[in-house]
Amino acid sequence: MRDLIEKALKMGFTLSFSEEGGFSIIRLLRNNQVVSNCSLGVGSFSESVEETLQSMLLDAERRGL
């Protein structure tokens, strides 16, 4: 997980982890603008956060962000 956070920071992103309406939310931001976000099901945050973050970073790389 730490590797992914460091990778995001090196790419110029900020990460936001929050909970809204009972769902865990991960947001990838650049210049305070949301680049990508994902909501995780109830109770699944700890099991899927690393996989989800990796997917979001790969998508950002593919889009050239």
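Placed above this text is the structure.
For every chain, the first residue of the written sequence is number 1, and numbering continues from 1 along that sequence. Per-residue local features of the predicted model are confined to residues with pLDDT of at least 70, and side-chain atom pairs are confined, for both listing and counting, to 80 or more; whole-chain, interface and lining totals are unaffected and use all residues. Processing note: side-chain calculations cover all non-hydrogen atoms of the structure and skip hydrogens and water entirely.

Draft legend 1. Spotlight on the environment of Leu 65. Residue placement: Leu 65 occurs in the segment after α2 (45-62). Excluding residues that lie within four positions of it along the chain, Leu 65 makes contacts with Met 11, Phe 13, Arg 30, Val 35 and Ala 60. Going along the chain from the N terminus, every DSSP run of H or I of four or more residues is numbered as a helix, and every run of E of two or more is numbered as a strand. By definition in these notes, contact holds between two residues if any of their heavy atoms fall within 4.5 Å.

Draft legend 2. Here's a closer look at the pairing of strand β2 (residues 23-30). In this analysis, strands are considered paired if DSSP registers two or more bridges between them. Sheet topology note: the strand β1 (residues 14-20)/β2 ladder contains seven bridges and is antiparallel. Its bridge partner being in β2, Glu 20 is matched across the sheet by Phe 23. Between β1 and the antiparallel strand that follows it, β2, lie two residues; Gly 21 among them carries a positive phi value of about 60°. As paired elements, β2 and strand β3 (residues 33-40) share seven bridges and run antiparallel to each other. Residue pairing in the sheet places Ile 25 in a bridge with Ser 39 of β3. Here β2 folds back onto β3, and the loop between the two strands holds two residues, one of which, Asn 31, carries a positive phi near 55°.

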